[in-house]
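Fold and contact review
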Amino acid sequence: MMEMKKPTLITSWYEIRAEAVQARKQNLKVGLVPTMGALHEGHLSLVRTARDYCDVTIATIFVNPTQFGPHEDLNKYPRTLDDDLARLGALEVDFAYAPSKEELYPEGFSTFVEPPSVAKRFEGECRPGHFRGVTTIVLKLLNIIPAHIAFFGQKDYQQCRVIQSMAQDLNVPTLIQLCPTVRDPDGLALSSRNQYLSTAERTQALSISKSLDDAEGEVSRGQTDMRRIVDRMRNTLEAAGIEKIDYVDIADAQTLEPVAQLQNDAVALIAAHVGITRLIDNRILSHR
Ligand code: PAF
């Protein structure tokens, strides 16, 4: 049987930093894919893009405790390091950085990044403290690993905008690259949390991508009144039996501020609970 090459597993921050610095000295382009593990096709597509654009690819695997609220699923979050390493190996990732909690948050750790204004609404309101944890860990990773490009999935659109905005405000020289959401053939956006859905819940969950398809369709047919589109999206979710909707809205794609009429690119955003599983998804609504 052919031996699958696994990425070099590194757990200490100064060792992974040394590898990245060394690669840069050799004029190699370094790509970073930050993840919390439990890797699925969505993550792997980020890795493939990183491999296409960069000479050295580093994936990080760290379930970041500071971005989970006290009642969220930190302890339940799937941890599948061996499988993750095998998947990264199959894509010939060079390094996997999988630090311990103590490595990144040693005793006495007390400095956090105040998230930018795009963090205020949506996930920022539903998950207080979440983006403070995200900006803190991502800035730490970008400081540890001086990558040329860091790759993030558009499924977490607000997270992408938060990280781009932070990187710009704090003069982080790494390019923050958004990559398209990967979906199952039925349209459901891939997420580590999809594994918790029963068959009936999965059918309900499809109304999320369907309402985003409808929103895009309405815009392409010339509808500019965003309230009407949001009402229709909400109806689609409710008709499918989704009772707990955290938000369904359309916002400016850059600032995530409210938009009533489509004048610039906008983004339709949904967060809804299907059974006990909270799902998010979004769609860019292009203004042409
Ligand atoms: O999107 C994620 O998986 C996480 O929020 C990230 C960016 C790896 C930070 O922990």
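For the structure itself, look to the data block above.
Below is a short write-up of the structure. (Residues numbered from 1 in each chain as written. Predicted model: local features only at pLDDT ≥ 70, side-chain atom pairs only at ≥ 80, totals over all residues. Heavy atoms only, no water.)

1. Re the packing of helix α6 (residues 130–144) against helix α7 (residues 157–169)
Two elements in contact, α6 and α7, have axes whose closest approach is 10 Å; the angle formed by their N-to-C orientations is 55°. The angle between α6 and α7 places the two elements in the oblique class. Of the two elements, α6 crosses α7, and the hand of that crossing is right-handed. Mapping the contact onto sequence places Phe131, Val134, Thr135, Val138 and Leu139 in α6 and Gln158, Gln159, Val162, Ile163 and Met166 in α7. For the contact of α6 with α7, the per-class residue count stands at seven nonpolar, three polar and no charged. (Axes fitted to C-alpha atoms, helices over the stretch in contact; angles between N-to-C directions. Helix = DSSP H or I, 4+ residues; strand = E, 2+ residues; numbered from the N terminus. Parallel < 35°, antiparallel > 145°, perpendicular 65-115°, else oblique. Left-handed = near helix turned anticlockwise from the far one by under 90°. Contact = heavy atoms within 4.5 Å. Nonpolar A, V, L, I, M, F, W, Y, C, P; charged D, E, K, R; others polar.)

2. Digging into the pairing of strand β3 (residues 56–61)
Buried residues dominate β3, accounting for six of its six residues. Here β3 shows two buried faces, one formed by Val56, Ile58 and Thr60 and the other by Thr57, Ala59 and Ile61. Pairing geometry for strand β2 (residues 30–35) and β3, over six bridges, is parallel. Residue pairing in the sheet places Val30 in a bridge with Val56 of β3. Tracing the backbone out of β2, into helix α2 (residues 41–53) and back to the parallel element β3 gives a crossover that is right-handed. Strand direction decides the pairing type here: β3 and strand β4 (residues 95–97), joined by three bridges, are parallel. In the strand pairing of β4, Ala59 is matched with Ala96. Each parallel crossover has a hand, and the one from β3 via helix α3 (residues 81–90) to β4 is right-handed. (Buried < 20%, exposed > 50% of the residue type's maximum accessible area, 1.4 Å probe, protein only. Pairing = 2+ DSSP bridges. Right-handed = clockwise from strand over helix to strand, strands pointing away.)

3. Some words on α6
Taking 1.5 Å of rise per residue, 15 residues should cover 21 Å, and α6 covers 21 Å from first to last C-alpha, within 8% of that figure. Counting buried residues along α6, 13 of its 15 residues qualify, which places the element largely inside the surrounding structure. (Expected span 1.5 Å × (residues − 1).)

4. Comments concerning the side chain of His273
Within the secondary structure, His273 sits in strand β8 (residues 266–274). A distance of 3.1 Å separates a polar atom in the side chain of His273 from a polar atom in the side chain of Asp246. Leaving out residues up to four positions away in the same chain, His273 has contacts with Ile242, Lys244, Asp246 and Arg278. (Polar contact = N/O pair within 3.5 Å; in protein donor to acceptor, adjacent residues only side chain to side chain.)

5. What to know about the side chain of Ser207
Along the chain, the position of Ser207 falls in helix α8 (residues 199–220). Excluding residues within four positions of it along the chain, Ser207 makes contact with Thr236, Leu237, Ala240 and Ile242.

6. Some words on the sheet that holds β2
Read from one edge of the open sheet, six strands run β1-β4-β3-β2-β5-β6, paired in parallel fashion. Pairing within the sheet leaves two strands with one partner each, and these edge strands are β1 (8–10) and β6 (175–179). Pairwise comparison of adjacent strand axes, ignoring direction, gives a mean angle of 25° for this sheet. Those strands touched by α6 are β2, β3, β4, β5 (149–153) and β6, and its axis lies near 150° from that of β2. Of the strands in this sheet, β5 and β6 are in contact with α7, which crosses β6 at around 165°.

7. Details of the packing of aromatic side chains
Going through the model one piece at a time under the given rule, you end up with six aromatic pairs. Aromatic side chains Trp13 and Tyr14 sit 6.3 Å apart centroid to centroid with 80° between the ring planes, which places their arrangement in the edge-to-face category. What makes Tyr14 exposed here is its relative accessible area of 55%. An angle of 90° between the planes, with centres 4.8 Å apart, marks the rings of Tyr105 and Phe109 as edge-to-face. When its relative accessible area of 11% is taken as the criterion, Tyr105 is described as buried. (Phe/Tyr/Trp six-rings, centres within 6.5 Å; stacked < 30°, edge-to-face > 60°.)

8. So, the nonpolar core
Core analysis: the largest hydrophobic core is formed by 35 residues, its most contacted members being Ile16, Ile58, Tyr97, Val138 and Ile145. Looking at this core, the elements that each hand over two or more residues are α1 (13–25), β2, β3, β4, α6, β5 and α7. Counting residues per element, this core draws most heavily on α6, at eight residues. Excluding residues that lie within four positions of it along the chain, Val138 makes contacts with Phe152, Ile163 and Met166. Among the nonpolar cores identified, the runner-up in size contains 25 residues, and Ile242, Ile250, Ala266 and Ala268 belong to it. (Core = buried A, V, L, I, M, F, W, Y, C linked by side-chain atoms within 4.5 Å.)

Just geometry here; none of it tells us what the structure is for.
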